[in-house]
Amino acid sequence: MIGELPGELSWSPDGKHLTYLGGGQLIDVDPETGRTHVLVSAAKMSMLEGGRISERDRDHRARYKMASYIWAPDSNHILFDASGRLWLYDLHNGVGVEVGSAGVSSGDDPKFSPDASTISFIRDHGISVVRSHEPGQPTVTLVSTPPASAAGGQSLLNGEVDWVYEEELDVRSNYFWSPDSKNIAYLQMNETQVPEYPLTDWLPTHAQVDWQRYPQPGDFNPDVHLGVVPARGGKTTWMHIPLHPGEDYLPRFGWVDTKTLWAETLSRDHKHRTIYFANAEDGECRKMLEISDEKFLDEDYDVDVSGGAIVLRQWTDGHNHIYLYSYDQSKPLSGDAQLVRQLTKGDFEVSDIYRVDATQKVVDYASNEGNLLDQQVWRVNFNGERKLLSEGGGFHEGNFSPGGGAFTDKKSTRAEPPALRLCEEPAAAGTAASCHVFWETHALDAYHLRAPKQLEVKAHDGETIYATLLLPERAESAASVPLIVNPYGGPGAMMVSDEWKDAELFDELLAQHGFAVLHADNRGMAGQGRTFEQAAYHDFGPVQLEDQLTVVDAALAQYPQLDQKRLGWWGWSWGGTFTLYALTHSDRFRAGVSVAPVTDWRNYDSIYTERYMGLPTENPDQYHDDSVVNSAANLKGQLLIAHGTGDDNVHIENTVQFVQKLIEAGIPYDLQIFPRKTHSIAGSDARTELYDRILAQFEMYLKPEAAVTSGK
């Protein structure tokens, strides 16, 4: 690995501290000098540690970036979340006091009230609060939830985020304090009619089952309601936001001011996105603006509402750009929001908005302007005047101080692991930010890693398909190198950007064993605009495979050392599904490895699948044809399937159903299961085993000896 990359980089509210976790300590970076020192020692941190947590909780904390610590508004205290045990740490005296316990290891979502007097968190599927500076005070439950039924999982969540919103709508919190600390707005999710899935742990002598609410295509979705409860307890006031119960979504909401809420809704078909304002006292609401698309909207639903401005991203003009709307700040419900201007324009994608400052009237963001495969950090003001903040090629990720005077720049390339720099924003346009490195690694210097070759191939409709090819060293003889295709292929991702990915170390290992590795971003993936991403609408498979085969043929033609008779394919998640699709729709691949695949699109969750495939009742033929379980009898090549039994994202039933079809067709296969492991199959033992098996699969079936003995 590349060393311990700083974890949970966070600015204090006053901008005087930049902290991160490293080496079991909390490290502080001085924003003025860049010097680092230990803010909380490993010895003290060990005293704040929680107990052992399950594989699923550990995965959730990592996958959904749940914070282990948060700064208090006064910048003098830090709240540590030790797997549900909450410790308030005083920076002045170095003392930590336990102030509450959520009783869970993930998803407790602790927060300070804006005045720092109260700490809130999720407990027993409801919202609880405790006075932050009065140790020993009892925890008060503001919104309680009835106990779960003995037959299944919890069906009513108050302020808690359920799995499908967390995974597919990128929701990280379902409750927010009002600016005056007097009220809390929260989302209630009623999942009574959402089907349950049993996640089974077979390692104990008596197997244990954890029930998960998981809506599949066509099922009831969570029925959601937005309410406001007083911070000292009392009756909830519900907002009258028009939603189709059990159908539509409410991915984002917050406070406009102390008396007004804003809420974003999304129609089930993903074609309509609406912003409402609501009176927090009586629940009456007004539609402020609506965005629509004939196919589906981009999956980013982030909105910033403050100071008379609404800032959001949308791809109405064909690319993801930033739009500025206005409303009457003195009377928010008095009129509709008005489009002020499109802040960014051009043949590029805005990939992230880091910070909106309505007072200074600026937006800090990231985009691939100038080079599709790079990402740079930019600033645009409300007049549409832009300024480049990062410098140099590659992939840059920004993290801005609350006041915007400084930021961190995490920079990497395909061949260079990330380095973290602390930067001061340039004082004038046309000048670069002043930056210095405060973390970098030399762990891989001795390995002399090589960047892969860049390929650009035209699809049949003229779209450019970008790809990379890593060849073994000194591989020059004709047809001497087997080629492994390793795409992701699905929407919402861009894999061939000039960015460091730890997976490239496995590519290097494969190259050391004599294999070439090809990555290509086919149509249907992200980063190249709306038309490119919508190319596979209602058709999950044919378009993507066509593009991959086009790139394979181009690579074979350009590099004669590649052997067209020894082709392999492997992938994970959508890439695992893609592996099975390729091996059942083409006879060109001698071997494949599919990790955690969806094998029937009716098995996956409603939000993701319906965005691209529609409802099963409306698009039955494509659900059938694009689900590899229905083409399993056509499998060509030697297949290894790997899956974690605790996968709560792509359930192991997908692999079981595909295996059953192989058995019915009399087709041999290899299966590797990972007990308790989730979708990420995390942990050094499990990952090493998985990569060893993948390597062995291709060593066995793609090396010349295998070609001879197999008679192919």
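**Q** What am I meant to see in the nonpolar core here?
**A** Side chains of a nonpolar character, in soluble globular proteins, are inclined to be buried together. The biggest cluster of nonpolar side chains holds 102 residues, and the ones touching the most others in it are Tyr-165, Leu-226, Phe-277, Ile-310, Leu-469, Leu-518 and Leu-562. Those residues in contact with Leu-469, other than ones at most four positions away along the chain, are Pro-452, Lys-453, Leu-455, Leu-483, Ala-516, Val-517, Leu-518, Tyr-559 and Leu-562. Counting residues in each nonpolar core, the second largest holds 22 residues, with Leu-640, Ile-681, Ile-694 and Tyr-701 among its members.

**Q** How should the sheet that holds strand E3 (residues 25-29) be read in this particular structure?
**A** Across a sheet, strands are paired by hydrogen bonds formed along the backbone, either parallel or antiparallel in direction. Spatially, four strands are ordered E1-E2-E3-E4 in an open sheet, and the strand pairing comes out antiparallel. Pairing within the sheet leaves two strands with one partner each, and these edge strands are strand E1 (7-11) and strand E4 (36-40). The average angle at which neighbouring strand axes cross in this sheet is 30°, direction not considered. Pairing of E3 with E4 involves four bridges; the strand directions are antiparallel. Opposite Leu-26, over in E4, you have Val-40 as the bridge partner.

**Q** Sorry if this is basic, but what is going on with the sheet that holds strand E32 (residues 395-400) here?
**A** The strand order across the open sheet formed by four strands is E32-E33-E34-E35, and the pairing between neighbours is antiparallel. Looking at strand neighbours, the two that pair on one side only are E32 and strand E35 (434-439), the edges of this open sheet. When the angles between neighbouring strand axes are averaged without regard to direction, this sheet yields 30°. Two strands pair when backbone bridges link them, and strand E33 (residues 406-412) and strand E34 (residues 419-424) are joined in this way by six bridges, in the antiparallel orientation. Counterpart to Asp-409 in the pairing with E34 is Arg-421.

**Q** Quick question: what am I supposed to make of the confidence of the model for the protein here?
**A** Reading predicted coordinates in detail is not appropriate for stretches of low pLDDT. Across the protein, the average pLDDT comes to 94, with 96% of residues at 70 or higher. Taken together, the stretch residues 708-712 has pLDDT below 50 and engages in four contacts with residues farther than four places along the chain or on a different chain.

**Q** I keep staring at helix H11 (residues 684-702) and nothing clicks. Help me out?
**A** Every α-helix carries 3.6 residues per turn, so stepping three or four residues along brings you back to the same face. For H11, spanning 19 residues, the distance from its first C-alpha to its last is 26 Å, which sits close to the expected 27 Å at 1.5 Å a residue. Where H11 is concerned, the buried positions are Ala-686, Leu-690, Ile-694, Leu-695, Gln-697, Phe-698, Tyr-701 and Leu-702. End-on view of H11: buried residues confined to an arc of 165°, all on one side of the axis. Among the exposed residues of H11, those pointing more than 90 degrees away from its buried face are Ser-684, Asp-685 and Met-700.

**Q** Could you clarify how one ought to interpret the state of the cysteines in this entry?
**A** What we call a disulfide is simply a covalent bond connecting the sulfur atoms of a pair of cysteines. Applying the stated rule across the entire model yields one disulfide. The disulfide that involves Cys-423 links it to Cys-435, with 2.1 Å between the sulfurs. Judged by the sign of its S-S torsion, about 115°, the cystine formed by Cys-423 and Cys-435 is right-handed. On the criterion of sequence distance, the pair formed by Cys-423 in strand E34 and Cys-435 in strand E35 is long-range, its members being twelve residues apart.

**Q** How do you make sense of the packing of aromatic side chains when you look at a structure like this?
**A** A full pass over the atoms with the stated rule returns 26 aromatic pairs. Chaining the aromatic ring pairs together yields one cluster made of Phe-296, Trp-315, Tyr-537, Phe-540, Trp-569, Trp-574, Phe-578, Phe-589, Trp-601, Tyr-604, Tyr-608 and Tyr-612. One Lys or Arg, Lys-111, reaches over the ring of Tyr-175 and ends 4.2 Å from the middle of that ring. Above the ring of Trp-378, the side-chain terminus of Arg-386 is found at 5.2 Å from the ring centroid.

**Q** In this structure, what is going on with helix H7 (residues 574-585)? I would like to understand it.
**A** Relative to the 16 Å expected for twelve residues at 1.5 Å per residue, H7 spans 16 Å between its end C-alpha atoms, a close match to the ideal helical length. When you tally the buried positions in H7, you get eleven out of twelve residues, the bulk of the element. What H7 keeps buried is the set Trp-574, Gly-575, Gly-576, Thr-577, Phe-578, Thr-579, Leu-580, Tyr-581, Ala-582, Leu-583 and Thr-584.

**Q** So what exactly am I meant to see when it comes to the packing of helix H4 (residues 504-512) against H11 here?
**A** Pairs of packed helices are described in terms of their axes, by the angle between the two and the distance that separates them. As a packed pair, H4 and H11 sit with axes 11 Å apart at the nearest point and diverge in direction by 35°. Taken as a pair, H4 and H11 cross one another with a handedness that is right-handed. Counting all contacts with H4, which are made through Phe-506, Leu-509 and Leu-510, the residues of H11 involved are Tyr-691, Ile-694 and Leu-695. Considered class by class, the residues forming the contact of H4 with H11 number six nonpolar, no polar and no charged.

**Q** It is not clear to me how the pattern of salt bridges should be interpreted in this structure. Could you clarify?
**A** It is possible for side chains of opposite charge to pair when their charged atoms get near one another. Counting across every chain of the model gives 37 salt bridges. Linking Lys-677 and Glu-55 is a salt bridge whose minimum nitrogen-to-oxygen distance equals 3.3 Å. Of the two residues, Lys-677 sits in the loop between strand E43 (670-674) and H11 while Glu-55 sits in helix H2 (residues 55-63), which places them 622 residues apart along the sequence. Look at Glu-55 and you get buried, because its relative accessible area is 17%. Between Glu-369 and Arg-386 there is a salt bridge whose closest N-O contact spans 2.6 Å. Within this pair, whereas Glu-369 is found in the loop between strand E29 (362-367) and strand E30 (376-381), its partner Arg-386 is found in strand E31 (residues 386-388), the two being separated by 17 residues in sequence. In this structure Glu-369 comes out as partly exposed when scored by relative accessible area, which is 21%. Assessed through its relative accessible area of 34%, Arg-386 is described here as partly exposed. Among the ionic contacts, a cluster of salt bridges with common partners joins Arg-355, Asp-357, Asp-364, Arg-379 and Glu-425.

Cut-offs applied
- Residues numbered from 1 in each chain as written.
- Predicted model: local features only at pLDDT ≥ 70, side-chain atom pairs only at ≥ 80, totals over all residues.
- Heavy atoms only, no water.
- Core = buried A, V, L, I, M, F, W, Y, C linked by side-chain atoms within 4.5 Å.
- Buried < 20%, exposed > 50% of the residue type's maximum accessible area, 1.4 Å probe, protein only.
- Contact = heavy atoms within 4.5 Å.
- Pairing = 2+ DSSP bridges.
- Helix = DSSP H or I, 4+ residues; strand = E, 2+ residues; numbered from the N terminus.
- Axes fitted to C-alpha atoms, helices over the stretch in contact; angles between N-to-C directions.
- pLDDT = per-residue confidence, 0-100.
- Expected span 1.5 Å × (residues − 1).
- Arc of directions from axis to C-beta.
- Disulfide = S-S within 2.5 Å.
- Phe/Tyr/Trp six-rings, centres within 6.5 Å; stacked < 30°, edge-to-face > 60°.
- Lys NZ or Arg CZ within 6 Å of the ring centre and 35° of its normal.
- Left-handed = near helix turned anticlockwise from the far one by under 90°.
- Nonpolar A, V, L, I, M, F, W, Y, C, P; charged D, E, K, R; others polar.
- Salt bridge = Lys/Arg side-chain N within 4 Å of Asp/Glu carboxyl O.

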